[in-house]
Amino acid sequence: MKSRMTSAVSRRTLLAGVGASALAASVPLRHGLAASKIKVGILLPRSGPQAQIGIDCQRGADVAPEVLGAMGYPEMEYILGDTETKVDVARAQAEKLIDAGAHVIVGAFDSGQTMAAAQVCEQKNIPLVVNIAAVTKLTELGYKWVFRNFPTGPMIVGDAFKNQKTLFAESGATPKSVALLHVNDTFGTSLSGALMALTPKFKMPYKIVEKIPYDPYGRDFSAEVRKVKAAKPEALWAVSRLNDAIAITKELVRQRVDLMGILSTGPGWYEDPYLQATGKYGDDVISLVPWVDYKKEMARRMRDAYRKKFPGRSITSNQGYTFDAVLIVADAFKRAGSTKNTDLQAALRTTDITNNTTIGEGIRFNEKGQVPHVPCGAVQNRDGKQLVVLPKFAAVAEPIWPMRPWRER
Amino acid sequence: MDPWTLANAVVSGLLIGLVYGLSALGLSVIFGVIRIVNFAHGEIMVVGMFFALLMFRWLGLDPLLSVPLAAAAMFGFGYVLQLIVVSRVSHLPEHMQFLLLAAIAIMIVSALLLVFGPDAQGVHVGYAWDSVAFGELIVDYPKMFAAVAAIVVAALLLAFFKYTTTGKAIRACADNRMGAQVVGLNVGQLYALTFGIGAACLGAAGAIILLLFEVHPYLAPGYTLLAFVIVIVGGLGSLFGALVGGILIGVSEALAAVLFQPSMKSAFSFALLILVLLLRPQGLLGKAVR
């Protein structure tokens, strides 16, 4: 029986079988390279302390296929990864997404987590399109597979200084002293470091009288605010996340710390849960952050789709920059016509998008994979809404400065 | 350093420490009697916070008025949990008990996420933003009311264990389980009652803490860790020790923040923990195990 079976497979049959197998195997391979659909790994903090923000970012990604599909961009398939707001998990999840077939990764909101994902993408030769992460060294380490359309810490701080100068000049009210309150994580230290280094360079009219780093997992912020109060600053500069921003605002009001203004360069102070939790006390805060520009057609398209899909939720930089990251992928895939990593990498390098959703001239990467200048806006909370007040070309309202005292609201 | 800044820090630390102490009482009660370390401690408290949040949304109840309701609801949860689940692993090695309670903790967080989502949510009571000033000393109303509520609940609990028959029976179980069985006490029921009381403490603490902080499902692990630090400092199994531990941690964190850096707060808590473990391993008010 055994010999019969063996003899039944002749050399000619074997050769034919091998040839057929090779042909069959080559079909999906070629199909994979010239695919009509790209698999995009979306890596975000969907659980843990940054879950709210991660989910907001995901919402930006969720409206992209519909908006971009209507504009002729190719189909995308998302594979979702959760960093759990942890750097080590971000690394493991990036590997998992690549193992699951992701041709490109978008993420990962947080600087530390994005750094971890970037290391994996470099090892595996898979493009990482950063949605949000400000740490400068991400695009200074010579990485070949990392592309970022988001400002670095110094860019955010530099634009914040420029917008502040305009704000002070137009309002005629200039603070002479500022306290810096910042979250003590990769993002917070990166931004506060840039701020401290650049303040003299930009010849700002104020002195930073106190620098207060705080625990990102803190609960009670009364001591932090007490320290601010003791320094007697005229204005507060905050680099925070969401829950800490809410708690800090409550303490500022309860401890009767009246300031000329609160300036933020980070998330938290403009987000929906913040506005809901703080009500009238959240008004007048100015966030000096990258933002959406509704004077652009793509931003209006995104807003229309977003309102249908997520009624009652605001669009912030979280949604805007994640949408733009997906747009970058869709655009590169469309031009490359292939999911091959090197083809996508080459297409990403030659990205030239002017119709995106966020403030600025558009998206073009330099040799480091960084958009050289991603401008920031000044966004002020007014009656529970976020309004761009600076720069003038993107502004939809005049700024209120100094802010109204707590007891007069 | 301005003395008023220090005074403000001490008062604030004291008030918040009392609330922390109440939350740690739940852990101490359960461990002191059943000898099970409740790794779902913070999660049960966060359920209490969400319960109070729903009471506020549905009935307009101030979280302080929700305290008895949250305590009752969590008592039921704890009672059933001990009777149906935890009691079945009480004879197993400790690491298996830890795993079971850690699994329950994960399930609670997942369920809360499904129901409430990840957003921070809070209550808007009329006095949420108000404070009273005594010269330069400013005390905010929510913290003051929360501390008073914590004292009342802790006093009721201590009185229950000291003066009621059931409380004495539970203490008898804690002192000598075999002896309690010999004299005819229903140890299984008393254990369920104890777990229920521990969970009720957490429900009450959750409702009170909702007055101070926003709630979201991921708050829990931080509170579990905090409770462990407090009860180890105060003395595992000592009810009064949990309150003292809470105050010590609250005040030391507040002072660390104003004297050094706010980011040093946790480091100070853990430094205190290490110091206590080195110098008095049974905790400040705990009994030494021979």
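These lines cover the structure that appears in this document, whether it is placed above or below. (Residues numbered from 1 in each chain as written. Chains lettered and ligands numbered in written order. Predicted model: local features only at pLDDT ≥ 70, side-chain atom pairs only at ≥ 80, totals over all residues. Heavy atoms only, no water.)

### A look at the overall build of chain B
Check the secondary structure of chain B and you find 11 helices and 2 strands. Each helix (α) and strand (β) of chain B, taken in turn from the N terminus, gives the series α-α-α-α-β-β-α-α-α-α-α-α-α. Taken against the 2.2 N^0.38 rule, which gives 19 Å for 290 residues, the C-alpha radius of gyration of chain B at 19 Å falls within 12% of a compact globule. Each of the three principal axes of chain B carries a C-alpha extent, and together these read 60 × 50 × 35 Å. Split into buried and exposed, the 290 residues of chain B put 55% on the buried side. Contacts in chain B between residues at least 24 apart in sequence constitute 77% of all its contacts with a sequence separation of at least 6. By element, 72% of the accessible surface of chain B is carried by carbon and sulfur atoms, the whole surface being about 12,100 Å². Here chain B holds 12 positive side-chain charges and 11 negative ones, and the gap between their average locations is 20 Å. (Helix = DSSP H or I, 4+ residues; strand = E, 2+ residues; numbered from the N terminus. Rg over C-alpha atoms; globule rule 2.2 N^0.38 Å. Buried < 20%, exposed > 50% of the residue type's maximum accessible area, 1.4 Å probe, protein only. Contact = heavy atoms within 4.5 Å. Areas by Shrake-Rupley, 256 points an atom, 1.4 Å probe, with all protein chains shown as cover. Lys, Arg positive; Asp, Glu negative; His and termini not counted. Charge placed at Lys NZ, Arg CZ, Asp CG, Glu CD.)

### Structural notes on helix α7 (residues 186-201) of chain A
All names here are of chain A. Under the 1.5 Å per step criterion, the end-to-end length of α7 is 23 Å for 16 residues, consistent within 8% with the ideal 22 Å. Among the residues of α7, those classed as buried are Phe-187, Gly-188, Ser-190, Leu-191, Ser-192, Ala-194, Leu-195, Leu-198 and Thr-199. The elements touched by buried residues of α7 are α5 (111-124), α6 (153-171), β6 (177-183), β7 (207-214) and β8 (235-239). Lys-203, located one to two residues past α7, shows a positive phi value of around 50 degrees. (Expected span 1.5 Å × (residues − 1).)

### Some thoughts on empty space enclosed by the protein
Residues and elements named next belong to chain A. Inspection of the entire model under this criterion finds 4 cavities of 30 Å³ or more. If you add up the space inside the largest cavity, you get close to 160 Å³. Lining the largest cavity are 18 residues, and of these Ile-132, Phe-150, Phe-187, Gly-266 and Pro-267 sit closest to its centre. The two domains that each donate at least three residues to the lining of the largest cavity are domain 1 (37-151 + 295-349) and domain 2 (154-289 + 377-408). (1 Å grid on protein atoms, 1.4 Å probe; cavity = no way out; pocket = protein on both sides within 12 Å on 5 of 7 lines; lining within 4 Å. Points joined across faces, edges and corners; volume = space filled by probe spheres on them. Domains from an automatic or database assignment.)

### Quick notes on the layout of surface pockets
Residues and elements named next belong to chain B. Volume-wise, the second largest pocket comes out at about 770 Å³. Taken together, 27 residues line the second largest pocket, and the ones lying closest to its centre are Gly-32, Gly-237, Ser-238, Leu-239 and Lys-287. Among the secondary structure elements, those contributing two or more residues to the lining of the second largest pocket are α1 (3-34), α5 (141-163), α6 (165-175) and α10 (239-259). Per-element tally for the lining of the second largest pocket: the top contributor is α1, with 5 residues. Across the lining of the second largest pocket, the residue classes tally to 15 nonpolar, 7 polar and 5 charged. (Nonpolar A, V, L, I, M, F, W, Y, C, P; charged D, E, K, R; others polar.)

### Concerning the sheet that holds strand β9 (residues 261-264) of chain A
All names here are of chain A. The strand order β7-β6-β8-β9-β10-β11-β12 describes an open sheet built from 7 strands, whose pairing is mixed. Each edge of the sheet is formed by a strand with only one pairing partner; in this case those strands are β7 and β12 (385-390). Averaged over all pairs of adjacent strands, the angle between strand axes in this sheet comes to 25 degrees, irrespective of strand direction. Sheet contacts for α7: β6, β7 and β8; angle to β6, the most-contacted strand, approximately 155 degrees. (Pairing = 2+ DSSP bridges. Axes fitted to C-alpha atoms, helices over the stretch in contact; angles between N-to-C directions.)

### So, helix α4 (residues 94-116) of chain B
Residues and elements named next belong to chain B. Counted at 1.5 Å a residue, the expected span for α4 with its 23 residues is 33 Å, and the 33 Å between its end C-alpha atoms agrees. Turning to α4, its buried residues number three or more, namely Gln-97, Leu-101, Ile-104, Ala-105, Ile-108, Val-109, Leu-112 and Phe-116. Close packing links the buried residues of α4 with α2 (41-59), α3 (63-85) and α8 (187-210). Just downstream of α4 lies Gly-117, where phi reads positive at about 75 degrees.

### Here's the deal with the state of the cysteines
For the structure on display, the rule yields 0 disulfides over all chains. The thiol of Cys-376 of chain A is not disulfide-bonded; the next cysteine sulfur, from Cys-57 of chain A, is found 16 Å away. The cysteine Cys-201 of chain B is free of any disulfide, with Cys-173 of chain B supplying the nearest cysteine sulfur at 18 Å. (Disulfide = S-S within 2.5 Å.)

### A few points about the packing of helix α3 (residues 51-70) of chain A against helix α11 (residues 297-309) of chain A
Residues and elements named next belong to chain A. At their nearest, the axes of α3 and α11 sit 9 Å apart, and the two run at 110 degrees to each other. Here α3 is positioned roughly perpendicular relative to α11, judged by the angle of their axes. In the crossing of α3 with α11, the sense of the turn from one axis to the other is right-handed. Between α3 and α11, the contacting residues are Arg-59, Gly-60, Asp-62, Val-63, Glu-66, Val-67 and Leu-68 on the first element and Met-298, Arg-301, Met-302, Ala-305, Tyr-306 and Lys-309 on the second. (Parallel < 35°, antiparallel > 145°, perpendicular 65-115°, else oblique. Left-handed = near helix turned anticlockwise from the far one by under 90°.)

### Let's talk about the environment of Ile-104 of chain B
All names here are of chain B. Note on placement: Ile-104 falls in helix α4. Look at Ile-104 and you get buried, because its relative accessible area is 10%. Distance in space between the C-alpha atoms of Ile-104 and Leu-81 is 9.7 Å, their sequence separation being 23 residues. Filtering out sequence-adjacent residues up to four positions away, Ile-104 remains in contact with Ala-40, Leu-81 and Val-85.

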